Amino acid sequence: MRIENSFIPVRGVGETTERRLWENGVTHWDEFDGSVVGSTLADRIETFIDEGRTHLERGDVSVFAEALPASSRWRCYENVSAETCFLDIETTGLSADTNDVTTVSLHRGGETKTFVKDRDLSSDRLERELTDAALLVTFNGQRFDVPFLETCFDVDIDVPHVDLMYPCKKLGLDGGLKAIERELGIDRDLPDISGRDAVRLWHEYERGDDGALETLVEYNRADTRNMEPLMEIVADRLHETVFEAAIVDE
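Residues numbered from 1 in each chain as written. Predicted model: local features only at pLDDT ≥ 70, side-chain atom pairs only at ≥ 80, totals over all residues. Heavy atoms only, no water.

A.B. asks: I tried to follow the sheet that holds strand S3 (residues 111–116) on my own but got confused; where do I start?
C.D. replies: Across the sheet, which stays open at both edges, the five strands sit in the order S3-S2-S1-S4-S5 with mixed pairing between neighbours. The open sheet terminates on both sides in strands that have one partner only, identified here as S3 and strand S5 (161–163). Across the sheet, the axes of successive neighbouring strands diverge by a mean angle of 25 degrees, strand direction being ignored. Across the sheet, helix H4 (residues 123–131) touches strand S1 (84–91), strand S2 (101–108), S3 and strand S4 (135–138), and the angle it forms with S2 is around 15 degrees. (Pairing = 2+ DSSP bridges. Helix = DSSP H or I, 4+ residues; strand = E, 2+ residues; numbered from the N terminus. Axes fitted to C-alpha atoms, helices over the stretch in contact; angles between N-to-C directions. Contact = heavy atoms within 4.5 Å.)

A.B. asks: Quick question: what am I supposed to make of a negative patch on the surface here?
C.D. replies: A cluster of like negative charges, contributed by Glu78, Glu232, Asp236, Glu240 and Glu244, occupies part of the molecular surface. Given a relative accessible area of 40%, glutamate 78 falls into the partly exposed group. (Patch = residues over 30% accessible without salt bridge, like charges linked within 9 Å, V, L, I, M, F, W, Y side chains within 5 Å. Areas by Shrake-Rupley, 256 points an atom, 1.4 Å probe, with all protein chains shown as cover. Salt bridge = Lys/Arg side-chain N within 4 Å of Asp/Glu carboxyl O. Lys, Arg positive; Asp, Glu negative; His and termini not counted. Charge placed at Lys NZ, Arg CZ, Asp CG, Glu CD. Buried < 20%, exposed > 50% of the residue type's maximum accessible area, 1.4 Å probe, protein only.)

A.B. asks: Mind showing me how you'd approach the environment of asparagine 220 here?
C.D. replies: In this structure, asparagine 220 sits in helix H9 (residues 210–249). Since its relative accessible area comes to 0%, asparagine 220 is described here as buried. Look past the residues within four positions of asparagine 220 in its chain and what remains in contact with it is Asp88, Ile89, Glu90, Thr103, Val104, Ser105 and Thr114. A polar side-chain atom of asparagine 220 sits 2.9 Å from a polar atom in the side chain of aspartate 88. (Polar contact = N/O pair within 3.5 Å; in protein donor to acceptor, adjacent residues only side chain to side chain.)

A.B. asks: I would appreciate a short explanation of the nonpolar core in the present structure.
C.D. replies: Across soluble globular proteins, you tend to see nonpolar side chains buried next to one another. Within the largest apolar cluster, 50 residues are counted, with the highest numbers of intra-cluster contacts made by Phe7, Phe32, Ile45, Phe139, Leu230 and Met231. Where this core is concerned, the elements lending two or more residues are helix H1 (15–23), helix H2 (39–57), helix H3 (62–67), S4, helix H6 (165–170), helix H7 (177–184) and H9. In terms of residue count, the dominant contributor to this core is H9 (nine residues). Setting aside chain neighbours within four positions, we find leucine 230 in contact with Phe139, Leu164, Cys168, Leu177, Ile180, Leu184 and Ile186. In this structure, Val101, Phe115, Leu149 and Val159 belong to the second largest nonpolar core, which totals 20 residues. (Core = buried A, V, L, I, M, F, W, Y, C linked by side-chain atoms within 4.5 Å.)

A.B. asks: Explain the pattern of salt bridges to me, please; I cannot follow it from the model alone.
C.D. replies: Between side chains of opposite charge, a pair can form when the charged atoms approach closely. In this structure the tally under the stated criterion is 14 salt bridges. The closest approach of N and O atoms between aspartate 30 and arginine 53, which form a salt bridge, is 2.9 Å. Of this pair, aspartate 30 sits in the loop between H1 and H2 while arginine 53 sits in helix H2, placing them 23 residues apart in sequence. Here aspartate 30 falls in the exposed class, since its relative accessible area comes to 58%.

A.B. asks: Can you help me understand H4 in this one?
C.D. replies: The periodicity of an α-helix, 3.6 residues per turn, causes residues three or four places apart in sequence to face the same way. Buried within H4 we find Leu126, Glu129 and Leu130. All buried residues of H4 project into a common sector of 90 degrees when viewed along the axis, lining one side. More than 90 degrees from the buried face of H4, the exposed residues found are Arg128 and Thr131. Against the buried residues of H4 lie S1, S2, S3, S4 and helix H5 (145–153). (Arc of directions from axis to C-beta.)

A.B. asks: Hey, could you run me through the pairing of S4 in this one?
C.D. replies: On a regular strand, one side chain projects to one face of the sheet and the next to the other, so that they alternate. Both faces of S4 are covered, namely the face carrying Leu135 and Val137 and the face carrying Leu136 and Thr138. In the sheet, S1 pairs with S4 via three bridges, with the strands oriented parallel. Looking at S4, one finds that phenylalanine 86 is bridged to valine 137. Pairing geometry for S4 and S5, over three bridges, is parallel. Opposite threonine 138, over in S5, you have aspartate 163 as the bridge partner. With respect to chirality, the unit in which S4 leads through H5 into the neighbouring parallel S5 is right-handed. (Right-handed = clockwise from strand over helix to strand, strands pointing away.)

A.B. asks: Sorry, what's going on with unusual backbone geometry here?
C.D. replies: Excluding glycine, residues mostly carry a negative phi; peptide bonds, for their part, are mostly trans. Look at asparagine 140: it is not a glycine, yet its phi comes out positive at around 65 degrees. Note that asparagine 140 resides in the loop between S4 and H5. For asparagine 140, a relative accessible area of 22% puts it in the partly exposed group.

A.B. asks: What should I look at first to understand helix H8 (residues 195–206) in this one?
C.D. replies: Here H8 contains 12 residues, and its C-alpha end-to-end distance of 17 Å stays within 8% of the 16 Å for a straight helix at 1.5 Å per residue. Phi turns positive, to about 110 degrees, at glycine 208, one or two residues after H8. (Expected span 1.5 Å × (residues − 1).)

Next comes the structure, spelled out in structure tokens:
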């Protein structure tokens, strides 16, 4: 599903109105027919489409991400999948005011990079890495990863953001990232490691155990890499349940 299939970013268009448009054959901006809705709303939708095309030509999905509910921002993904950055962090605790970020992994274009505290993890590096990202994907990053990074590194992360936790809930997929991976059959090479283990591994590294850091980094990288197949599965399933179901019912 692409942004061009969507109408709910328009003020006054909810899921019911959008579904009515789809059921009447208006499944893409190119097919918009104002007679399906009132004249005032039709004018608003036409303005949205005209402005939306300009944003998409620039590869900018921020206006759509801001207008969509958190559980529907997955609709932005297909338009900018090649420029999407998957991000996950590890920390020494749950409070950004008293704890530190130990590792940050970023996965984009088939490549995963990891930055480590007191080595190459800095605000400048984070800003450089995120500059070219059209979309940021995390799991629980809206409440945790992003505000933690913004507090600890005094950065403003304004990349359009899909927090996978919300579309997963829309599909009835509850629990943490690894529990959802198991349910969907997404494999990982490492044994199951918890957030508490991640804290322990960092402290073991600080006491001189380089192997502990290697394990922590690989754990962090696995979390980040596995978000890409999860994003693909979630987008496909929601496309089927939200979009294709409406067309079938037409």
